[in-house]
Amino acid sequence: MATEKEILAKYEGQNPKKLKVFVYYTEKATGIENEMNLWEWLRIKRDRNRRDRFEFDRVVDLSEGVPTIETSDDKKPEEPEIVEDKFQCPLCGFVALNEGDLKLHKEAKHS
Ligand SMILES: [Zn+2]
């Protein structure tokens with residue numbers, strides 16, 4: 001996980017108007033989330049009167065076709081939790097306590 005500075009560092013030296021990079025941000029006064037082009041974001045960052053009004057959220061980079069999303073430290077993307085029944089019997093759905101238990105179950109019920 002990277003900070004805004006680290007995320008934006010890789011676009012340094014490039015013409016931001018040629019990049020298909022979008023910054024997602026939260027407008028502090030309203031709490032509204034929105035997006036803008038990277039070049040607009042960089043312009044605001046140079047503007048002392050405006051830069052503190054917006055909180056950086058993440059960057060979506062469409063320049064390589066597939067969007068890559070980079071998120072700053074304080075906001076982690078919500079990932080669905082994958083619950084896996086590691087010791088579930090594929091034959092009847094019985095959930096064992098551990099590998100040995102599952103093996104015993106299979107021997108007892110399915111052999
Ligand atoms: Zn079973």
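Worth saying up front: this structure is predicted, and the values here are computed from it rather than measured.

Conventions and cut-offs
- Residues numbered from 1 in each chain as written.
- Predicted model: local features only at pLDDT ≥ 70, side-chain atom pairs only at ≥ 80, totals over all residues.
- Helix = DSSP H or I, 4+ residues; strand = E, 2+ residues; numbered from the N terminus.
- Buried ≥ 20, exposed ≤ 12 C-beta atoms within 10 Å, placed from the backbone.
- Contact = placed C-beta atoms within 7 Å.
- Core = buried A, V, L, I, M, F, W, Y, C linked by C-beta atoms within 7 Å.
- pLDDT = per-residue confidence, 0-100.

1. Side note on the overall build of the protein chain
Looking only at helices and strands, the protein chain has 3 helices and 4 strands in total. Scanning the protein chain from its N terminus toward the C terminus, one meets helices and strands in the order α-β-β-α-β-β-α. Within the protein chain, the proportion of its 111 residues that are buried is 7%. Counting only contacts in the protein chain whose residues sit at least 6 apart along the sequence, the fraction spanning at least 24 positions is 40%.

2. Section: the nonpolar core
Among the nonpolar cores identified, the biggest contains 7 residues, and these are Val 21, Val 23, Tyr 25, Leu 38, Trp 41, Phe 56 and Val 59. Elements with a contribution of two residues or more to this core: strand 1 (21–27), helix 2 (38–45) and strand 3 (54–61). When residues of this core are assigned to their parent elements, the largest contribution, 3 residues, is made by strand 1. Discounting chain neighbours no more than four positions away, the residues touching Val 21 are Tyr 11, Leu 38, Val 59, Asp 61 and Ser 63.

3. Some points on the environment of Lys 109
Its location among the elements puts Lys 109 in helix 3 (residues 99–109). According to the C-beta neighbour criterion, Lys 109 is exposed, with 11 such atoms within 10 Å. Remark: the alpha-carbon pair of Lys 109 and Cys 92, spanning 17 residues in sequence, is separated by 9.4 Å.

4. A short note on the environment of Glu 6
Within the secondary structure, Glu 6 sits in helix 1 (residues 4–9). A tally of 12 C-beta atoms within 10 Å means that Glu 6 is categorised as exposed. Here the alpha-carbon distance between Glu 6 and Ser 72, two residues 66 residues apart in the chain, equals 9.1 Å.

5. Remarks on the confidence of the model for the protein chain
Averaged over all residues, the pLDDT of the protein chain equals 86, while 84% of them reach at least 70. Across the protein chain, the element-wise mean pLDDT spans from 70 in strand 4 (residues 68–71) up to 95 in strand 2 (residues 32–37).

6. Notes on the environment of Phe 22
Within the element layout of this structure, Phe 22 appears in strand 1. A residue is classified by how many C-beta atoms lie within 10 Å of it, and Phe 22, with 18 of them, is partly exposed. Note: C-alpha distance between Phe 22 and Glu 35 (13 residues apart in sequence) is 6.4 Å. Discounting residues that sit within four places of it in the chain, Phe 22 has contacts with Glu 35, Met 36, Asn 37, Leu 38 and Val 60.

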